[in-house]
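These are the residues of each chain, in order.
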Amino acid sequence: MPVLTRLIPSPVVVDIRDGALDDLGSVLADQRISSAGKLAVAISGGSGARLRERLAPALPGATWYEVNGGTLDDAIKLADAMKSGHYDAVVGLGGGKIIDCAKFAAARIGLPLVAVATNLSHDGLCSPVATLDNDAGRGSYGVPNPIAVVIDLGVIRQAPPRFVRSGIGDALSNISAVADWELANREKGEQIDGLAAAMARQAGEAVLRHPGDITDDGFLQVLAEGLVLTGIAMSVAGDSRPASGACHEINHAFDLLFPKRAASHGEQCGLGAAFAMYLRGAHQESAFMAEVLRRHRLPVLPQDIGFSVDEFVQVVEFAPRTRPGRYTILEHLDLNNDEIRDAYADYAKAIGS
Ligand SMILES: [Zn+2]
């Protein structure tokens, strides 16, 4: 009988709970990620100061590096500053930008990355991708998955609610992204990785169906776990396919066409997912997703984030160009301007604008 399995690149430590940060040093030492505590910690110059004060006594061997932006240059500077320090690991302690910078820097100097997320704004906290601003706008850089992910729910409760809600939109969009993957499989013969699809979809469904909200620790636990599993699903698949379809093409189009006015990643992905579900004829699922997004005070219509219907039509028309080669419901329907306008009017009516 053949015994075939596969190894999945995944973190050695996933610690998601209230108070997780207090045990950071000992957890990393126990797992031999950093037995001597020689850590290079990347932290934001602003909101990171309080966390540094709290953590410094528990991490006596750590050296602290302030990161002030989320650009490729910031990440390269960080790597240069850290490279001669003989560290065991790099710790990215902060929101998405800090973790992305730290991921890139750690990969560049060949050290493992420990991701300590202070908000839940998107699924990048445990993914094999670093998103950084560069001269051409924004780029995605392949990096190893974090070796450890630590999320202290007590810290998440202190994060600006908008940054936590944003992660809900990103998690829910998995459901639409996996449906796009299945469509590409039916129409184009693109291979689906069933494990990656299952992980991403279940993460989205768990967040979709949880009755709580961001004031509720049970909900935050499910959301944090969902975002971590989504990142691992991307590692399993080898790209962002399980978590990125038409929803993310719409998000990228907002960013590219309206860089100054764009809303957050998760806000745009959630709206994009509810609309994409409608386009694929999943009207009930679309309406339910919109209802859940609204319950979490996330946008479901372009005007909720300050865009007109005309601008949204422009965004949807442009969206397929943001991700050449990715087949989603947008490429499948290939709608022209008028057809998008009609489909949007039907969507808005269906979800009750
Ligand atoms: Zn995303």
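Right above here is the structure, for reference.
Residues numbered from 1 in each chain as written. Predicted model: local features only at pLDDT ≥ 70, side-chain atom pairs only at ≥ 80, totals over all residues. Heavy atoms only, no water.

Draft legend 1. View of the overall build of the protein. Tallying secondary structure elements over the protein gives 14 helices and eight strands in all. Taken over C-alpha atoms, the radius of gyration comes to 20 Å for the protein, in line with the 20 Å a tight globule of 353 residues would show. Taking the principal axes of the C-alpha coordinates as reference, the protein spans close to 60 × 55 × 40 Å. Here the protein holds 353 residues, and 56% of them are scored as buried. Partitioning the intrachain contacts of the protein with sequence separation of at least 6 by distance along the chain shows that 73% fall at a separation of at least 24. Approximately 15300 Å² of the protein is accessible, and the part contributed by carbon and sulfur atoms is 50%. (Helix = DSSP H or I, 4+ residues; strand = E, 2+ residues; numbered from the N terminus. Rg over C-alpha atoms; globule rule 2.2 N^0.38 Å. Buried < 20%, exposed > 50% of the residue type's maximum accessible area, 1.4 Å probe, protein only. Contact = heavy atoms within 4.5 Å. Areas by Shrake-Rupley, 256 points an atom, 1.4 Å probe, with all protein chains shown as cover.)

Draft legend 2. Structural view of the coordination of the zinc ion. Each protein donor to the zinc ion is listed here as Asp170 (OD), Asp170 (OD), His248 (NE2) and His265 (NE2); together their distances run 2.1 to 2.8 Å. One can describe the donor arrangement at the zinc ion as irregular, given that its four donor atoms subtend angles of 50 to 143° at the metal. Sequence positions of the residues that donate to the zinc ion give the spacing D-x77-H-x16-H. Taken as a pair, His248 in helix α9 (residues 246–257) and His265 in helix α10 (residues 265–279) lie far apart in primary sequence, 17 residues in all. (Donors = N, O, S within 2.8 Å, 3.2 Å for Na, K, Ca; no water. Tetrahedral: all angles 85-135°; square planar, octahedral: opposite > 155°, others 65-115°.)

Draft legend 3. Main features of empty space enclosed by the protein. Counted according to the given criterion, the structure contains one cavity of 30 Å³ or more. In this structure, the largest cavity spans a volume of roughly 40 Å³. Forming the boundary of the largest cavity are Gly95, Gly96, Ile99, Ala117, Asn119, Leu120, Ser121, His122 and Leu125. Grouping the constituent residues of the lining of the largest cavity by class yields four nonpolar, five polar and no charged. (1 Å grid on protein atoms, 1.4 Å probe; cavity = no way out; pocket = protein on both sides within 12 Å on 5 of 7 lines; lining within 4 Å. Points joined across faces, edges and corners; volume = space filled by probe spheres on them. Nonpolar A, V, L, I, M, F, W, Y, C, P; charged D, E, K, R; others polar.)

Draft legend 4. Quick look at the nonpolar core. With 99 residues, the main nonpolar core has Leu120, Leu125, Ile151 and Tyr347 as its most contacted residues. Both domains that meet at this core, namely domain 1 (13–156) and domain 2 (161–351), each give it at least three residues. Each residue touching Tyr347, except ones within four places of it in the same chain, is listed here: Leu271, Ala274, Phe275, Tyr278, Ser286, Val300 and Leu301. Membership of the second largest hydrophobic core comes to 23 residues, among which are Leu24, Ile43, Leu93 and Val155. (Core = buried A, V, L, I, M, F, W, Y, C linked by side-chain atoms within 4.5 Å. Domains from an automatic or database assignment.)

Draft legend 5. Inspection of the sheet that holds strand β1 (residues 13–17) at higher detail. If you trace the six strands from one edge of the open sheet to the other, you get β1-β8-β5-β4-β2-β3, paired in parallel fashion. Pairing within the sheet leaves two strands with one partner each, and these edge strands are β1 and β3 (63–67). Within the sheet, the average angular offset between the axes of one strand and its neighbour, ignoring direction, is 15°. With five bridges joining them, strand β4 (residues 89–94) and strand β5 (residues 113–117) adopt parallel strand pairing. Its bridge partner being in β5, Val90 is matched across the sheet by Leu113. Running at roughly 170° to β4, helix α4 (residues 96–109) makes contact with β2 (39–44), β3, β4 and β5 of the sheet. (Pairing = 2+ DSSP bridges. Axes fitted to C-alpha atoms, helices over the stretch in contact; angles between N-to-C directions.)

Draft legend 6. Spatial organisation of the pattern of salt bridges. One pass over the full model with this rule turns up 17 salt bridges. Here Asp80 and Lys83 are joined by a salt bridge, their closest N and O atoms 3.5 Å apart. Overall, Lys83 belongs to the exposed group, its relative accessible area being 56%. With its nearest N and O atoms 3.9 Å apart, the salt bridge here joins Lys103 to Asp100. On the criterion of helical spacing, the pair formed by Lys103 and Asp100 is a turn pair, its members being three residues apart in helix α4. Per residue, the accessibility class of Lys103 equals that of Asp100, and both read buried. Sharing partners across several salt bridges, the network here consists of Asp15, Arg17 and Asp23. (Salt bridge = Lys/Arg side-chain N within 4 Å of Asp/Glu carboxyl O.)

Draft legend 7. Summary view of the pairing of β3. Examined bridge by bridge, β2 and β3 share five bridges and lie parallel to one another. The residue of β3 that forms the bridge with Ile43 is Glu66. Crossover handedness for the path β2 to helix α2 (residues 48–55) to β3: right-handed. (Right-handed = clockwise from strand over helix to strand, strands pointing away.)

Draft legend 8. Region of interest: a negative patch on the surface. Taken together, the side chains of Asp334, Asp338, Glu339, Asp342 and Asp346 present a region of like negative charge at the surface. In this fold, Asp346 is placed in helix α14 (residues 337–351). (Patch = residues over 30% accessible without salt bridge, like charges linked within 9 Å, V, L, I, M, F, W, Y side chains within 5 Å. Lys, Arg positive; Asp, Glu negative; His and termini not counted. Charge placed at Lys NZ, Arg CZ, Asp CG, Glu CD.)

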